[in-house]
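Descriptive analysis of the structure
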Amino acid sequence: MKTVITLLFLGFALAAAAAEPLPSWNDGPSKHAIIHYVDTVTKEGSKDFIPQKDRIAVFDNDGTLWSEQPVYFQFFFAMDRVKALAPQHPEWKLVQPFKAVLEGDIKKVMASGKEGLLKLIMVSHTGMSDEEFDDIVATWIKTAKHPTKKVRFTELVFQPMLELLGYLRANDFKTFIVSGGGIDFMRPWATEVYGIPSNRIIGSEIEVKYRDRKIIRIPKTRFIDDKEGKPVGIHYHIGKRPVAAFGNSDGDLDMMQYTEANRHYKTLQLYVHHTDAKREWAYDRKSPIGKLDKGLDYARDHNWTVVDMKKEWKVIYPFELKH
């Protein structure tokens, strides 16, 4: 899946990183903290110098690299898949949460809780080969639009974070996604959008089996890459502690504390705080999606960088650059 628009976004981010660091960030505490950190740890002879091989930066995806309201975007994919499969399952018209999906009632879908959402994931993400699932995701991501923003989901990536990814790579950091979202949902498009190779994308996993020369996806959870699962995923996939971690919710707190506990190098922890109700959404402590409560207190008590989206980002989405 190659699209001109996402390649342009990525190209802009990389070019911007080479010219002026973080041009879509206002001149403020977060931008200063990032640039100071990178300058300090990449300067030869600095007491805080980090060798290239250890410059590991990990990013959450939902709410950190792109938006996540009113529900995680992967659930929109799951709901669209349920609608597509519904003709084969007439019983779904009478059974929750499938009934709510078919009626377009997102509140009822969310009210079904983790058990209901897991049912949707299992029927929509399994029963096919990995290649077939890749094709389904790639087709959806090229055409599906957000219900209120009315643009494709990949247009709701954060321009300042694209620039940050490019800035870090320009300074020889290896960037990884460590997300609660599905690893196989992200891989078909995230490499193109973020410039992060598929083998550096870590996420929640569904069980698979090898059969008839194919990897077949089966309806069973293998690993949840959220909260305490994130350091575990980093351990197994990366094999060393990061030196920089970026998140937006309490679900990222363990990953960020794991990074903070690096005994060898100076670290950077940054929270994206959603404060812009006009351009994006404003939420934190009481939100059912992307709740930031314990993490917000911990960040402020430990002098982590907390980005005030409303005050510190000139633009939020790449398409705003056209206006």
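Below is a summary of the structure that appears in this document. Computed from a prediction, not measured in an experiment: that's the story for all the values here.

Conventions adopted
- Residues numbered from 1 in each chain as written.
- Predicted model: local features only at pLDDT ≥ 70, side-chain atom pairs only at ≥ 80, totals over all residues.
- Heavy atoms only, no water.
- Helix = DSSP H or I, 4+ residues; strand = E, 2+ residues; numbered from the N terminus.
- Polar contact = N/O pair within 3.5 Å; in protein donor to acceptor, adjacent residues only side chain to side chain.
- Contact = heavy atoms within 4.5 Å.
- Core = buried A, V, L, I, M, F, W, Y, C linked by side-chain atoms within 4.5 Å.
- Buried < 20%, exposed > 50% of the residue type's maximum accessible area, 1.4 Å probe, protein only.
- Pairing = 2+ DSSP bridges.
- Phe/Tyr/Trp six-rings, centres within 6.5 Å; stacked < 30°, edge-to-face > 60°.
- Expected span 1.5 Å × (residues − 1).

**Things to note about the side chain of Asn262**
When you line up the elements, Asn262 lands in the loop between helix 11 (253-260) and strand 6 (268-273). A distance of 2.9 Å separates a polar side-chain atom of Asn262 from the backbone nitrogen of His264. Setting aside chain neighbours within four positions, we find Asn262 in contact with Arg241, Pro242, Val243 and Thr267.

**A closer look at the nonpolar core**
Counting 72 residues, the largest nonpolar core has Met161, Leu164, Trp189, Tyr194 and Phe246 as the members making the most contacts within it. For this core, the leading source of residues is helix 3 (residues 73-85), giving eight residues. Excluding residues that lie within four positions of it along the chain, Leu164 makes contacts with Leu22, Trp25, Ile34, Phe59 and Phe246. Counting residues in hydrophobic clusters, the runner-up holds 17 residues, among them Phe176, Ile234, Leu253 and Tyr258.

**Remarks on the pairing of strand 1 (residues 56-59)**
Here strand 1 shows a buried face lined by Ile56 and Val58 and a second buried face lined by Ala57 and Phe59. For strand 1 and strand 2 (residues 174-182), the ladder comprises four bridges, and the chain directions are parallel. Bridge pairing in strand 2 places Phe59 opposite Ile177. Where strand 1 meets strand 5 (residues 244-247), three bridges bridge the pair, whose relative direction is parallel. If you follow Ala57 over to strand 5, its bridge partner there is Ala244.

**With respect to the packing of aromatic side chains**
All told, the structure shown has 21 aromatic pairs when counted by the stated rule. Plain terms: the ring middles of Trp140 and Phe185 are 6.1 Å apart, the flat faces sit at 55° to each other, and that makes the pair tilted. Taken together, the residues span a long stretch of sequence, with Trp140 in helix 7 (residues 130-143) and Phe185 in helix 9 (residues 183-194) at a distance of 45 residues. Look at Trp140 and you get buried, because its relative accessible area is 9%. Using a relative accessible area of 3% as the deciding quantity, one classes Phe185 as buried.

**What to know about helix 9**
Here helix 9 spans only 14 Å end to end across 12 residues, well under the 16 Å set by a 1.5 Å rise per residue. Of all 12 residues making up helix 9, nine are buried, and the element is well covered by its neighbours. Those residues of helix 9 not exposed but buried are Ile183, Phe185, Met186, Pro188, Trp189, Ala190, Glu192, Val193 and Tyr194. In the segment just after helix 9, Gly195 is the residue with positive phi, at about 75°.

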